[in-house]
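# Residue-level structure breakdown
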Amino acid sequence: MLVLYETSTGYAVFKLLDEKKLVQIENLYDEFQTFDKASSIVQLQKFYKFSTTEDAMSAATAAVEGKIGKKLKKVLKKIVAEDANEQLAVADSLLGKVIKDKFNLTCVHNTAISELMRCIRTQTNNLITEVSERENTAMSLGLAHGLSRYKLKFSGDKIDTMIIQAVSLLDDLDKELNNYIMRCREWYGWHFPELGSVVQDHAAYVKTVKKLGMRTASITMDLSDVLPADLEQRVKDAAQISMGTEISDEDIRHITGLCDQIIEMQDYRSQLFEYLRNRMAAIAPNLTVLLGELVGARLISHAGSLMSLAKHPASTIQILGAEKALFRALKKKHDTPKYGLIYHAQLISQSSQKIKGKMSRMVAAKASLSIRVDALGETDDADLGTLQRGYLENKAKELESIESGKMGGIGGGPKKFDKYQNKSQVFQYHGGNDNTMTPKVKKEPTDFFNQSPAPGKLNKLFGEEELKVENGDNGHAETTEEPPSSGKKSKKRKLVAEVEEEVAAPLEDTAVAENVDASGGKKKKKKKVKTEAEEEEA
């Protein structure tokens, strides 16, 4: 068996002297502890040295891509010409498959061969005598640097890195511009505070401050190239009645220097945004058409690369950028967020609040398809993104019309009505319902002279019918009890009678005393009052 061993200085072909050593790979490392033991197992037959570093680089890149380089082809042709019947042990199974297809050589790759390659590597300097150890180390270092540069040069993520850096710098510039403009407004506001309310646009404000300088110069200065005619006149009128403080020329010089910095940063930001737009149109045209340059670039930056973003499902793209809110909602068992960075897309941000969730799901689903086409597809056009954007715009209009009540059922279909069932019912007319006036209840007056409440109040207290009280011949009242009834009603009536007797007892005593005084001590007999029940029986 022959062993093809690859080094940074060339290809080495070893002859395996004892194949029985591969049976017990646990003890194989002990056999390569010394050069004498290693030489008894493998023996160097031929060594093909690389003439330059470029040859080593081309051979290494071809091996990484699973191809056969020019130098390796020459080595394999000599092996086929001399030892065609021998098996060839290789370190890579893919490389062995290619060699077998092109040169019809039996290639072997298994765990034992991998362990043998590691053992040979420990004795490389002793087994290969054509190359010194110093030369081998220098060649390995140069090849490692060259191979790293090659991978970086032909990496698919290298353009994504430019997009990530550009969008990050754009966000930083926006923050710095906001800070600088607020500082300029506050600083110049001490001298001319009315200018901030007249000129609302930041860029126009900065240019006006730079050209104006002192507010007293606004009377003779032409601001038509900075402001419209109506704003120019308002600025001049406000400058004449301004309540600001006076500042020196040195202060104005520093304020105008700050304005120069702001204008330069704004110009550079516009150039950077144009650069980002061109990059996104070249790398992810479908994503750019669907979501826009800034949203697409922020999604790529958040995921790390376009390829990493293409591996994410639509549900992840939908909430990408809202991870904190998602985990907080899961922890507190609240509703999860509906959108993250994708919210700033025009299709979602301009939709009504009721359909934002639906639109975010649909936009994320279409965006995932567009990203995969941009990352893995071979075409550079934006036909898919244009088609999907048109579909989503029509879907948004349909959802808006459904929410506003212009369309019938859900999904644009006709509205479903319940089946009408006729139920025959007969209603009778009640004439008593015509009177809507509640009858007035006449309240019984209280006997203020005798300081006793009207009998009706006691009856209302116990929920019974009023007992009639009639006056006798002598002017005092007597009460008659109704015939006793069975059950709880009779008990309540007895209780009412007892209470009324107790109240009426002192009244009877006073009435009797008056009669005695008037008639000389003789009492008059009381007339019994017949109750209503006795009268009805009679």
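Look up: the structure comes first, before these words.
Residue indices follow the written sequence of each chain, beginning from 1 at its first position. Per-residue local features of the predicted model are confined to residues with pLDDT of at least 70, and side-chain atom pairs are confined, for both listing and counting, to 80 or more; whole-chain, interface and lining totals are unaffected and use all residues. Only hydrogens and water are removed before side-chain values are computed, so all heavy atoms of the structure are retained for them.

### What about the overall build of the protein chain?
Rules: The secondary structure listing takes helices from DSSP runs of H or I that are at least 4 residues long and strands from runs of E that are at least 2 residues long, numbered from the N terminus. For every residue, the accessible area (1.4 Å probe, protein chains only) is compared with the maximum for its type, and the residue is labelled buried under 20%, exposed over 50%, or partly exposed between those bounds. It only takes one pair of heavy atoms within 4.5 Å for two residues to be counted as in contact. All accessibility values rest on the Shrake-Rupley procedure with a 1.4 Å probe; residue burial counts only the protein chains present in the view.
What the protein chain contains, in helices and strands, is 24 helices and seven strands. When each of the 538 residues of the protein chain is scored for burial, the buried share is 34%. For the protein chain, contacts bridging at least 24 residues in sequence account for 62% of all contacts bridging at least 6. For the protein chain, the accessible area works out to roughly 35,000 Å², and carbon and sulfur atoms hold 52% of it.

### Things to note about the layout of surface pockets
Note the following rule: In the cavity and pocket records, a cavity denotes points on a 1 Å grid over the protein atoms alone where a 1.4 Å probe fits but cannot get out, a pocket denotes an open set with protein on both sides within 12 Å along at least 5 of 7 lines, and lining residues are residues with an atom within 4 Å of a point. Grid points are joined across faces, edges and corners, and a volume is the space filled by probe spheres set on the points. Residue polarity follows a fixed list, in which Ala, Val, Leu, Ile, Met, Phe, Trp, Tyr, Cys and Pro are nonpolar, Asp, Glu, Lys and Arg are charged, and the others, Gly among them, are polar.
Considered as a void within the structure, the second largest pocket measures approximately 390 Å³ in volume. In terms of lining, the second largest pocket is formed by 20 residues, of which the most central are Glu 6, Thr 7, Ser 8, Ala 60 and Ala 63. Broken down by secondary-structure element, the contributors of at least two residues to the lining of the second largest pocket are strand S1 (2-6), helix H3 (53-64), helix H6 (111-122) and helix H8 (133-153). Counting residues per element, the lining of the second largest pocket draws most heavily on H3, at five residues. Residue composition of the lining of the second largest pocket, grouped by class: 13 nonpolar, three polar and four charged.

### Quick look at the nonpolar core
To be explicit about the condition: What we call a nonpolar core is a set of buried Ala, Val, Leu, Ile, Met, Phe, Trp, Tyr and Cys residues that are connected through their side-chain atoms within 4.5 Å. Domain delimitation follows an automatic or database domain assignment.
One finds Tyr 188, Leu 291, Leu 309 and Met 359 to be the most contacted residues of the largest nonpolar core, which totals 67 residues. Broken down by element, the residue count for this core peaks at 12 residues, all from helix H13 (residues 249-283). When residues of this core are sorted by domain, at least three fall in each of domain 2 (175-273) and domain 3 (284-403). When sequence neighbours within four positions are dropped, the list of residues in contact with Met 359 reads Leu 347, Ile 348, Ser 351, Leu 392, Ala 396 and Leu 399.

### Observations regarding the sheet that holds strand S5 (residues 107-108)
Formally: Any two strands between which DSSP finds at least two bridges are classified as paired.
Pairing is mixed across the open sheet formed by five strands, whose spatial order is S3-S2-S1-S4-S5. Where the open sheet ends on each side, the last strands, each with one partner, are strand S3 (42-49) and S5.

### Some words on the state of the cysteines
This is how the line gets drawn: Pairs of cysteine sulfur atoms within 2.5 Å are what we label disulfides.
Going through the model one piece at a time under the given rule, you end up with zero disulfides. We note that Cys 184 lacks a disulfide partner, and the nearest cysteine sulfur, in Cys 259, lies 3.7 Å from it. For Cys 184, a relative accessible area of 0% gives the class buried.

### Structural notes on the pairing of strand S2 (residues 10-16)
Most of S2 sits inside the fold, with six of its seven residues counted as buried. Two successive antiparallel strands, S1 and S2, enclose a turn made up of three residues. With seven bridges connecting them, S2 and S3 associate as antiparallel partners. Within the sheet, the bridge partner assigned to Phe 14 lies in S3 and is Leu 44.

### A short note on the packing of helix H4 (residues 70-82) against helix H5 (residues 93-103)
Rules: Inter-axis angles, ranging from 0 to 180 degrees, are taken between N-to-C directions of lines fitted to C-alpha atoms, where helices are fitted over the stretch in contact. An angle below 35 degrees is read as roughly parallel, one above 145 as roughly antiparallel, one from 65 to 115 as roughly perpendicular, and any other as oblique. In this scheme the crossing of two helices becomes right-handed for a clockwise turn of the near helix relative to the far one and left-handed for an anticlockwise turn of less than a right angle.
Relative orientation of the contacting elements H4 and H5 amounts to 60°, with a least axis distance of 12 Å. The orientation of H4 relative to H5 falls into the category oblique. Remark: the crossing between H4 and H5 carries right-handed chirality. Along the contact surface, H4 presents Leu 72, Lys 73, Leu 76, Lys 77 and Val 80, while H5 presents Leu 95, Ile 99 and Phe 103. Its residues assigned to classes, the contact of H4 with H5 shows six nonpolar, no polar and two charged.

So far we have only geometry, and geometry alone does not tell us how the molecule works.
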